[in-house]
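Working through the structure, step by step
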Amino acid sequence: SPYDPTDNATTQHIQHDLETLRIQRNDPHNLGCSCRKLHVFLKSTSKKKGGGGSHRRMPERKVKEELRKRGLVTKGNEGMSRDKMEAMLHGAIEREPCCW
């Protein structure tokens, strides 16, 4: 085998590689994104029996607040249905970058 574990030079080489990897992983620029996008549950268009999705829906007040934060509430769409507001918010969140 090319690596002799009793060879001091090989051991130092492996230790150096492991230390380099540890330093790279601890670099704040290499951590990736840890944010979480807001999830908006959309009712399915198919008419399934049993419901089951209502517990995952965001309260209407929260949907309106998130739309307002994004500047999507106007005089023309104030009376929009909850389903349409959720669809609008879902689309806006999908277009947003991960961290904003």
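Each value, and the rule that gives it
- Residues numbered from 1 in each chain as written.
- Predicted model: local features only at pLDDT ≥ 70, side-chain atom pairs only at ≥ 80, totals over all residues.
- Heavy atoms only, no water.
- Salt bridge = Lys/Arg side-chain N within 4 Å of Asp/Glu carboxyl O.
- Helix = DSSP H or I, 4+ residues; strand = E, 2+ residues; numbered from the N terminus.
- Buried < 20%, exposed > 50% of the residue type's maximum accessible area, 1.4 Å probe, protein only.
- Polar contact = N/O pair within 3.5 Å; in protein donor to acceptor, adjacent residues only side chain to side chain.
- Contact = heavy atoms within 4.5 Å.

1. Remarks on the pattern of salt bridges
Going through the model one piece at a time under the given rule, you end up with ten salt bridges. Notably, a salt bridge pairs Arg 57 with Glu 86, separated by 2.9 Å at the nearest N-O pair. Placement of the pair is Arg 57 in the loop between helix H1 (8-26) and helix H2 (60-69) and Glu 86 in helix H3 (residues 82-95), with a sequence separation of 29 residues. Assessed through its relative accessible area of 19%, Arg 57 is described here as buried. One salt bridge connects Glu 86 with Arg 82, and the closest N-O pair in it is separated by 3.2 Å. One end of the pair is Glu 86 and the other is Arg 82, both in helix H3 and four residues apart, which spans about a single turn. By relative accessible area, which is 25% here, Arg 82 ends up partly exposed. Where salt bridges share partners, they join Lys 62, Glu 66, Lys 69, Arg 70 and Glu 96 into one cluster.

2. Quick look at the side chain of Glu 86
Overall, the relative accessible area of 2% leaves Glu 86 in the buried class. Side chain to side chain, Glu 86 and Arg 57 meet in a polar contact 2.9 Å long. Those residues in contact with Glu 86 that lie beyond four places of it in its chain are Val 40, Phe 41, Leu 42, Arg 57, Met 58 and Val 63.

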